[in-house]
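Tertiary structure, described
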Amino acid sequence: MPSAVIVEYDSAWPLRARHLLDGVRSAFAALPGAEGFGYEHIGSTAVPGLGAKPIVDLQVRMPDLPPLARLTEVLASTPFVPAHGSRPDSPGVHRDGRRPGDQAEDGAYEKRLFHSPSEGAILHVRRVDSPFARWAVDLRDWLRCHPEQARRYERIKRRLAEEHAGEPDYDDYTRAKTAFFDGIQPKVRNWAAGS
């Protein structure tokens, strides 16, 4: 996995996300309850105008997570394969981290992670009750509605990408963004709650 490189926003990202999600939705139709799954384009590529790594993040929310082998089998018709992370401690591969104040039981943070190097995409499969899944959507929507904060976030990402440019992966870059998230979390949560 290369180090983080931030590029200008590309208006093709949402179209690519929609196309990939359509393929995932078709594949997941084989799973029980698939008609109730949530399919979302998340992350920086889902925020118009926001510079980002040119990797589209997708999220599927479902009530229960099937075993990795079953999801791998179902996704065989798509370009997605299991992602294992670049290091044993890579963040967000098998579990999401708790955000400050989260009260959910441990199982709600379990996830399945897939990627498609050929398509430049990552697929996060999370439970419907995952607080991190909710955070990903709330953060996306808040940044869409607060362009000055999106520009601030982009400046921080560019600085962090430069600081971590010589590294063999972007795990430390990913961890370094946590300070920004921690700082804005109360505003995002109040906004999402309608306060």
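One numbering rule holds for all chains: residues counted from 1, following each sequence as written. Residue-level local features of this predicted model are given only where pLDDT is at least 70; pairs of side-chain atoms are given and counted only at 80 or more, and the full residue set underlies all totals for whole chains, interfaces and linings. Neither water nor hydrogens contribute to the side-chain values; these are computed over all heavy atoms in the structure.

1. Description of the environment of Pro67
Filter applied, for reference: For the purposes of this entry, the term helix denotes a DSSP run of H or I that reaches at least four residues, the term strand denotes a run of E that reaches at least two, and both are numbered from the N terminus. Only protein chains enter the accessibility calculation, which uses a 1.4 Å probe. A residue is then buried if its area is under 20% of the maximum for its type, exposed if over 50%, and partly exposed in between.
Structurally, Pro67 can be placed in the loop between strand S2 (56-62) and helix H2 (68-74). On the basis of relative accessible area, Pro67 is assigned to the exposed category, the value being 54%.

2. Focus on a positive patch on the surface
Let me state the cut-off plainly: Exposure above 30% relative accessible area and the absence of a salt bridge qualify a residue for a patch, where like charges join within 9 Å and nonpolar side chains (Val, Leu, Ile, Met, Phe, Trp, Tyr) within 5 Å. All accessibility values rest on the Shrake-Rupley procedure with a 1.4 Å probe; residue burial counts only the protein chains present in the view. Basic side-chain nitrogens of Lys or Arg form a salt bridge, by our definition, when they fall within 4 Å of a carboxyl oxygen of Asp or Glu. Counting rule applied: Lys, Arg positive; Asp, Glu negative; His and chain ends not counted. Lys charges are placed at NZ, Arg charges at CZ, Asp charges at CG and Glu charges at CD.
Residues Arg151, Arg152, Arg155 and Lys187 make up a contiguous surface patch of positive charge. The element that contributes the greatest number of residues to the positive patch is helix H4 (residues 147-163), accounting for three residues.

3. What about the pattern of salt bridges?
Counted under the stated rule, the structure contains 17 salt bridges. With its nearest N and O atoms 3.7 Å apart, the salt bridge here joins Arg144 to Asp141. Placement of both Arg144 and Asp141 in helix H3 (residues 131-145) is noted, with a separation of three residues, approximately one turn of the helix. A relative accessible area of 40% places Arg144 in the partly exposed class. Beyond isolated ion pairs, a larger network of salt bridges with shared partners links Glu8, Glu154 and Arg158.

4. Comments concerning the packing of H3 against helix H6 (residues 178-192)
As a reminder, the rule being used: In this analysis, axes come from line fits to C-alpha atoms, helices being fitted only over the stretch in contact, and the angle between any two N-to-C directions falls in the range 0 to 180 degrees. Note that the term roughly parallel is reserved for angles under 35 degrees, roughly antiparallel for angles over 145, roughly perpendicular for angles of 65 to 115, and oblique for everything else. Contact criterion: two residues are considered in contact whenever any of their non-hydrogen atoms come within 4.5 Å of each other.
Packing of H3 against H6 leaves a shortest axis separation of 10 Å and a crossing angle of 85°. Compared by their axis directions, H3 and H6 come out roughly perpendicular. When H3 is examined against H6, the residues Trp135, Asp138, Leu139, Asp141, Trp142 and Cys145 are found in contact with a partner set consisting of Phe181, Ile184, Gln185, Lys187, Val188, Trp191 and Ala192.

5. Describing the sheet that holds strand S5 (residues 121-127)
Defined as follows: DSSP bridges decide pairing: two strands pair if at least two such bridges lie between them.
A sheet is described by the order of its strands in space; here five strands give the open sequence S1-S2-S5-S4-S3, paired in mixed fashion. Single-partner strands in this sheet number two, and they are strand S1 (38-42) and strand S3 (81-82). Looking at chain direction, S3 and strand S4 (residues 111-116) are connected through two bridges and run antiparallel. Within the sheet, the bridge partner assigned to Pro82 lies in S4 and is Phe114. Helix H1 (residues 13-28) rests against S1, S2 and S5 of the sheet, and its axis sits at about 35° to S2.

6. Structural notes on the pairing of S4
Buried residues dominate S4, accounting for five of its six residues. When S4 meets S5, the two strands line up antiparallel, connected through six bridges. Considered in S5, the bridge of Leu113 is made with His124. Hairpin remark: S4 followed by S5, antiparallel, with four residues in the connecting loop; positive phi at Gly120, about 60°.

7. Remarks on the environment of Glu163
Convention followed: Pairs of N or O atoms are called polar contacts if they sit within 3.5 Å, as long as, within protein, a hydrogen donor faces a hydrogen acceptor (for residues adjacent in sequence, only side-chain-to-side-chain pairs).
Summarising the element assignment, Glu163 is placed in helix H4. Taking the C-alpha atoms as reference points, Glu163 and Glu110, 53 residues apart in sequence, are found 30 Å from one another. A distance of 2.9 Å separates the side chain of Glu163 from the side chain of Arg159, its partner in a polar contact.

8. What about the nonpolar core?
This is how the line gets drawn: Residues grouped as a nonpolar core are buried Ala, Val, Leu, Ile, Met, Phe, Trp, Tyr and Cys residues, joined through side-chain atoms within 4.5 Å.
Counting residues in each nonpolar core, the largest one holds 25 residues, and the members touching the most others are Phe28, Phe80 and Leu123. When residues of this core are traced back to their parent elements, those giving at least two are H1, S2, H2 and S5. Among the elements that line this core, the one with the most residues is H1, at seven residues. Not counting residues up to four positions away in its chain, the partners in contact with Phe80 are Leu20, Val24, Leu58, Leu75, Phe114, His115, Ser116, Ala121, Ile122 and Leu123. By size, the runner-up hydrophobic cluster in this structure holds 18 residues, among which are Trp142, Ala150, Tyr153 and Tyr173.

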